[in-house]
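Next come the chains, spelled out residue by residue.
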Amino acid sequence: MQPEEIRQVLLDILGGIVPDEDLSSLRDEVPFREQIELDSMDFLDFVMELRKQYRVQIPEEDYPQLGTMGGAVNYLVPLMKDVKAHA
């Protein structure tokens, strides 16, 4: 997957977790928690959806790298390089 495809995957997952939030203006460098209502359980749901949908294993010590859109995309690019985007 390319970075822009990963970004869309993340937006889709977040949209399912926080459906009332406007995700169109998420900034890459600002933590999700400062931009949308995302508590720690929501964040765990986010990580679990990545694992369930894309078989991506993310160790707990790496969770801080997923705190921003830019960080999450950069972290996932090598892990998802061979994953095909869902049609």
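Everything quoted here is computed from the prediction, not taken from an experiment.

**Brief notes about the side chain of Thr 68**
Now for step 1: Here Thr 68 shows up in the loop between α3 (40–54) and α4 (69–79).
Now for step 2: With relative accessibility at 17%, the residue Thr 68 sits in the buried group.
Now for step 3: From its side chain, Thr 68 meets the backbone oxygen of Asp 28 in a polar contact 3.4 Å long.

**Focus on the pattern of salt bridges**
Now for step 1: Applying the stated criterion across every chain, the model contains four salt bridges.
Now for step 2: Note that Glu 49 and Lys 52 form a salt bridge whose closest N and O atoms lie 3.1 Å from each other. Of the two residues, Glu 49 and Lys 52 both sit in helix α3, three residues apart, roughly one turn of that helix.
Now for step 3: With its nearest N and O atoms 3.7 Å apart, the salt bridge here joins Lys 81 to Asp 82. The two residues Lys 81 and Asp 82 agree in class, both being exposed.

**Describing the packing of helix α1 (residues 3–17) against α3**
Now for step 1: In the contact formed by α1 and α3, the axes pass within 10 Å of each other and the chain directions differ by 130°. By the angle class used here, α1 and α3 are oblique. Here α1 and α3 pass one another in a crossing that is right-handed. Contacts between α1 and α3 involve Val 9, Leu 10, Ile 13, Leu 14 and Ile 17 from the former and Asp 42, Asp 45, Phe 46, Glu 49, Leu 50, Gln 53 and Tyr 54 from the latter.

**Quick word on the environment of Pro 19**
Now for step 1: Inspection of the secondary structure assignment puts Pro 19 in the loop between α1 and α2 (32–35).
Now for step 2: In this structure Pro 19 comes out as exposed when scored by relative accessible area, which is 58%.
Now for step 3: In sequence terms Pro 19 and Leu 44 are 25 residues apart; their C-alpha atoms lie 16 Å from each other.

**Overview of the side chain of Asp 42**
Now for step 1: Summarising the element assignment, Asp 42 is placed in helix α3.
Now for step 2: Buried and unpaired, Asp 42 has Arg 33 as its nearest opposite-charge partner, separated by 8.3 Å.
Now for step 3: Residues contacting Asp 42, with those up to four places away along its chain left out, are Ile 17, Val 18 and Glu 37.

**Let's talk about the nonpolar core**
Now for step 1: Leu 10, Leu 14, Phe 46, Ile 58 and Leu 76 are the most contacted members of the largest nonpolar core, which has 28 residues in total.
Now for step 2: If you list the elements that add at least two residues to this core, you get α1, α3 and α4.
Now for step 3: When residues in this core are grouped by element, the largest group, six residues, is from α1.
Now for step 4: Every residue in contact with Leu 76, bar those within four places of it in the chain, is listed here: Ile 6, Leu 10, Leu 50, Val 56 and Ile 58.

Conventions used here
- Residues numbered from 1 in each chain as written.
- Predicted model: local features only at pLDDT ≥ 70, side-chain atom pairs only at ≥ 80, totals over all residues.
- Heavy atoms only, no water.
- Helix = DSSP H or I, 4+ residues; strand = E, 2+ residues; numbered from the N terminus.
- Buried < 20%, exposed > 50% of the residue type's maximum accessible area, 1.4 Å probe, protein only.
- Polar contact = N/O pair within 3.5 Å; in protein donor to acceptor, adjacent residues only side chain to side chain.
- Salt bridge = Lys/Arg side-chain N within 4 Å of Asp/Glu carboxyl O.
- Axes fitted to C-alpha atoms, helices over the stretch in contact; angles between N-to-C directions.
- Parallel < 35°, antiparallel > 145°, perpendicular 65-115°, else oblique.
- Left-handed = near helix turned anticlockwise from the far one by under 90°.
- Contact = heavy atoms within 4.5 Å.
- Lys, Arg positive; Asp, Glu negative; His and termini not counted.
- Core = buried A, V, L, I, M, F, W, Y, C linked by side-chain atoms within 4.5 Å.

On their own, these measurements won't tell you what the molecule is for.
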